[in-house]
Amino acid sequence: MSTFIDLYNYWIFIFLMMIGFYIVIAQGNLVKKIIGLNIFQTAVFLLYISMGKVKGGTAPIIVAGDASYSNPLPHVLILTAIVVGVATTALAMALIIRIRKAYGTIEEQDIHEQDASL
Amino acid sequence: MVAIAVAVMRDLFAIVMLFGIYSLLTAGIFVSLDAVDVAFTEAAVGAGISTILILSTLALTSREEKKSTHSRFLPLLVVLVTGATLVYGTLDMPAFSDPQAPVHQHVAPRYLDQAQQETGVPNIVTAVLASYRSYDTMGEVTVIFTAGIAVMLLLSAFRHREDEAGNLNDLSHHPVLKYVARLMIPFILLFALYVQFHGDYGPGGGFQAGVIFAAGFILYGLVVGIDKTRSMFSDSVLRWLMASGLLLYIGVGVVTLLLGGEFLNYNVLAADQVKGQHWGIFLVELGVGITVTATMIAMFLAFSEVRRPE
Amino acid sequence: MISSHLPVLQVILPLIAAPLCVLLRRSSLLWLLSFSASLGAMVIAWLLLQQAGSSGVISYILGGWAAPWGIEYRIDTLNAYVLLIVTAISSVVLLAAKKSIEQEVPQQHWPMFYASYLLCLTGLLGITATADAFNVFVFLEISSLSSYALISLGRDRRALTASYQYLVMGTIGATFILIGIGLLYMLTGTLNMNDLAQRLPAVAQTKTMLSAFAFLFVGISLKLALFPLHLWLPNAYTYAPSIVSAFLAGTATKVAVYVLLRFIFTVFGADYAFSVLPLAEILMLLGVAAILFASLSAIYQDNIKRLFAYSSVAQLGYITLGISFLSVSGLSATLLHLFNHALMKAALFMALACLLYRQGGVKFSHVKGLGRQMPWTFMAIVIGGLSLVGVPLTVGFISKWYLILAAIEQGHFVLVAIILFGSLLALVYVWRIVEQGFFSASDDHTDVKEAPLSLLLPTWLLVLANIWFGIDTSLTVGVAEHTAHWLLELPAPVMPGATP
């Protein structure tokens, strides 16, 4: 049972990741796909941050005295990854607006039908 | 649990709201895992910027999702295989929050032990972000810059004409909101400046400050009118700001090159190492702040000025 | 003094030029700036290749922080070679960009177009030069986001959906890579590739490392458009502006192949990678599937751009097939084909840019009987096509030759047959174009003129390169064989029977 206690944080992340990933590949709505992508990415962020946690540690801002701190490196990496994520989302949204203007729909299926009928 | 709801529901508007909540919850988890800087950013970005962008998109497209007739089997299989691979991978993982885990052994201790002496910055996240892995951060600013110009490329041709009535994101007809918001804006901007320059000591830094700064102007745009904000930030001003922030960052690197150091080696910026680091970190964070602010405003304006579909 | 900074200058040059493009107003300056940045990077790549060849690995620490704490650039012959391919293709393509863009992209978008192009170049160069696993992810996203933007500029509305599809698949790929990198970091506490290579053997038995490898492999395969994860590629290449197709076809997938090689051989070690998973069999099977399915699909296309896009997927099949042999001649074939395929496809897509410039479309119906009106363009397609088939005196022959050699060495005669059959299929689809161009009743195209010189010259530069490097192979074969030996003789002992 100790494995479960030790790893539950990681399993939560895996669960979230699976939901997000499922939304991305199974849904036909373009906006919802991107939301799924975001959930997927956030789950990965959780993985990174979880591995940086140290029992009894605090946020890695050095204060006087001896304290134990959590690992700062995953935090830095994820800060970067969050920014990359929002950049991707913004670009995707702009694309969706253009797709809607060109096709009049944001459903994958309708778009395929329109293209096929050309 | 919120995530499941997102998967099941069909009203996109509600989904986005839930997604915002989900982001806030995630930010909460980050705090409990000691990642304050990350939590700050996730709250500002996931619950703030992303939600605004998705909402603007929904307003321009459609709210209801159609029932999907996709086959559910293959996606489910792919997801299950992926999940299984990961669960399999976790079986040998070091236990959660174990201080003896290899993650905490090799590279990280040096940051925790020496970063303060080497860079003079007590917030180790800032030290690593803006100095040890400064090059990554430059890449990050470049990503934001890229997204900014991509959004402008995609949407600039579809800007509505001045005389068209009814802005998409316009709250200027609510007098109370307008008044309260006007009161808040100076404080938001002040707070952003604090976050920008206090990143050395507490959570914060150029990126978070940029987002908050932009939020201030976005609020201004919402209550006073998009056109007013646009008159403050024309496309060319925004472009100029976006580029100059990135150029400032690269410029610091080029100066360090010219002074005989490696690219982005701040030590050569001043006679004293800590002073050099201080200047370097200050300047690159400023670069980040400028580019992020300008890009966020540019994106917001681009999204709000798209003509609505009939 | 400057020479010690070459590794970083290479990436910084296009990166500085990109924001400057956004600020510039004059379109002639825009082009000049972009071209000189790309050309400068090419010269640096050439110098780096010389340096790496003569004095071994060049290490450059960014920010002045030593390797596992800071980010390091490590240049060896493998990535110097890839850097040279990317910058060379980018420069030649840019030569033609001015004219082609004038017609295909509205003027208001030019500054942003060039900026995105340069950012994409920056990203590709950054991925190639770095020795830091996370830095790979950051620069990967720079190149990806800018290529989504570039693709969406295509005139057809399907460019938008192609770009969206690529965005979703690309982001999934990048996130998989991110998971892989995270797991590796979790096991070792480091992100530096060299450092990882030293520390991973200690944890080689863990399940975590295996799943890290699986995620990285799938993630990179998505970016590489390895069959069956190639679905984004045909649309993206078909609907992007011609210049973008030529640039991406010559560079983006090549860099993904490089990343795969880098992770398999220098981070995990060939020993590990090929023993924990049946990697050789997987790569071989997918490679063969790609060659057969994609070549067959190519035959049935009526849009020539799409035809060549499918052909690209098939060519990537040859490239992965080469890796699967895990032998010097197999890897040499892979490395040679990286270079050679970049030359062929860039030449072919540039020729299509010429066609598109005059005809506004590249369906078969657009090119009927045009061979007489546009002889130079069609000759370029013919020679590029022959190179694709693998006819002697072209570069295509050289890489096929090595690939067949590798297959014979290991007694895989069925594979020899498949490679030859793939060439036959290539001959069929190239012939279809020739037939339409020369032997089809001309519609009223009599007023169509040959493409302008500013498009033809760069196209022919690439076509001649196809012939030149098909005859004088000292540079390419030299580097490829050297690198293949080096890859296989890294810390881990070579697999039995792999070296001659």
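Nothing here was measured: the structure is a model prediction, and the numbers come from that model.

Draft legend 1. A look at the overall build of chain A. Scanning chain A from N- to C-terminus turns up four helices and zero strands. Walking chain A from its N terminus toward its C terminus, one meets helices and strands in the order α-α-α-α. Within chain A, the proportion of its 118 residues that are buried is 75%. Across chain A, contacts joining residues at least 24 apart in sequence account for 44% of those joining residues at least 6 apart. Element-wise, carbon and sulfur atoms account for 60% of the exposed surface of chain A, whose accessible area totals about 3,400 Å².

Draft legend 2. Just the pairing of strand β1 (residues 58-61) of chain C, in detail. All names here are of chain C. Covered by surrounding structure in β1 are Ile58 and Tyr60 only, the residues Ser59 and Ile61 on the alternate face being uncovered. Pairing analysis gives four bridges linking β1 to strand β2 (residues 72-75), with the strands arranged antiparallel. What sits directly across from Ile61, in β2, is Glu72.

Draft legend 3. Up close: the interface of chain B and chain A. In this complex, chain B contributes 92 residues to the contact, which on the side of chain A involves 75 residues. Buried surface at the junction of chain B and chain A, both sides included, amounts to about 7,600 Å², of which 76% is carbon and sulfur. In this structure, the connection of chain B to chain A is made through zero salt bridges. The interface formed by chain B and chain A contains two residue pairs in polar contact (both at pLDDT 80 or more). Tallying contributions element by element places helix α3 (residues 36-60) of chain B first for the side of chain B that touches chain A, with 13 residues. Broken down by class, the residue content of the side of chain B that touches chain A amounts to 62 nonpolar, 19 polar and eleven charged.

Draft legend 4. Spatial organisation of the packing of helix α2 (residues 27-55) of chain C against helix α4 (residues 110-129) of chain C. Residues and elements named next belong to chain C. Contact geometry for α2 and α4: axes closest at 10 Å, N-to-C directions at 10°. The orientation of α2 with respect to α4, classified from their angle, is roughly parallel. Packed against α2, whose contacting residues are Ser27, Leu30, Trp31, Ser34, Ala37, Ser38 and Ala41, the element α4 presents Trp110, Pro111, Tyr114, Leu118, Leu121 and Leu125 at the interface. Among the residues making up the contact of α2 with α4, the classes are represented as ten nonpolar, three polar and no charged.

Draft legend 5. Local environment of helix α11 (residues 235-258) of chain B. The terminal C-alpha atoms of α11(B), which comprises 24 residues, lie 33 Å apart, in line with the 34 Å expected from a rise of 1.5 Å per residue. After α11(B) finishes, the residue Gly260(B) shows a positive phi value of roughly 100°.

Draft legend 6. Geometry of the pattern of salt bridges. Evaluation of the coordinates by the stated rule reveals five salt bridges over all chains. A salt bridge links Asp136(B) to Arg133(B); the shortest N-O distance between them is 2.7 Å. Accessibility classification places Asp136(B) together with Arg133(B) in one group, the buried group. Its salt-bridge partner being Arg74(C), residue Glu72(C) comes within 3.1 Å of it at the nearest N-O pair. Judged by its relative accessible area of 4%, Glu72(C) is buried. Under the relative-accessibility criterion, Arg74(C) is labelled partly exposed at 23%. One salt-bridge network, held together by shared partners, links Arg133(B), Asp136(B) and Asp132(C).

Draft legend 7. Region of interest: the side chain of Thr253(C). Residue and element names in this part refer to chain C. Counting through the fold element by element, Thr253 comes out in helix α10 (residues 242-268). We classify Thr253 as buried; its relative accessible area is 2%. Non-local contacts of Thr253, meaning those with residues more than four positions away in its chain, are made with Lys223, Leu224, Leu233, Tyr237, Leu248 and Leu316.

Draft legend 8. Structural context of unusual backbone geometry. Residues and elements named next belong to chain C. Cis geometry marks the peptide bond from Phe227 to Pro228, where omega comes out at 0°. By secondary structure assignment, the location of Pro228 is in the loop between α8 (207-224) and α9 (232-239). Phi at Leu326 is positive, roughly 55°, even though this residue is not glycine. The residue Leu326 is located in the loop between α13 (304-324) and α14 (328-359) in this model. Classification of Leu326 as buried rests on a relative accessible area of 6%. Even without being a glycine, Leu393 presents a positive backbone phi close to 80°. In this structure, Leu393 sits in the loop between α16 (375-389) and α17 (395-409). The exposure class assigned to Leu393 is exposed, which follows from its relative accessible area of 56%.

Rules of the game
Residues numbered from 1 in each chain as written. Chains lettered and ligands numbered in written order. Predicted model: local features only at pLDDT ≥ 70, side-chain atom pairs only at ≥ 80, totals over all residues. Heavy atoms only, no water. Helix = DSSP H or I, 4+ residues; strand = E, 2+ residues; numbered from the N terminus. Buried < 20%, exposed > 50% of the residue type's maximum accessible area, 1.4 Å probe, protein only. Contact = heavy atoms within 4.5 Å. Areas by Shrake-Rupley, 256 points an atom, 1.4 Å probe, with all protein chains shown as cover. Pairing = 2+ DSSP bridges. Buried area = accessible area lost by both parts, 1.4 Å probe. Salt bridge = Lys/Arg side-chain N within 4 Å of Asp/Glu carboxyl O. Polar contact = N/O pair within 3.5 Å; in protein donor to acceptor, adjacent residues only side chain to side chain. Nonpolar A, V, L, I, M, F, W, Y, C, P; charged D, E, K, R; others polar. Axes fitted to C-alpha atoms, helices over the stretch in contact; angles between N-to-C directions. Parallel < 35°, antiparallel > 145°, perpendicular 65-115°, else oblique. Expected span 1.5 Å × (residues − 1).

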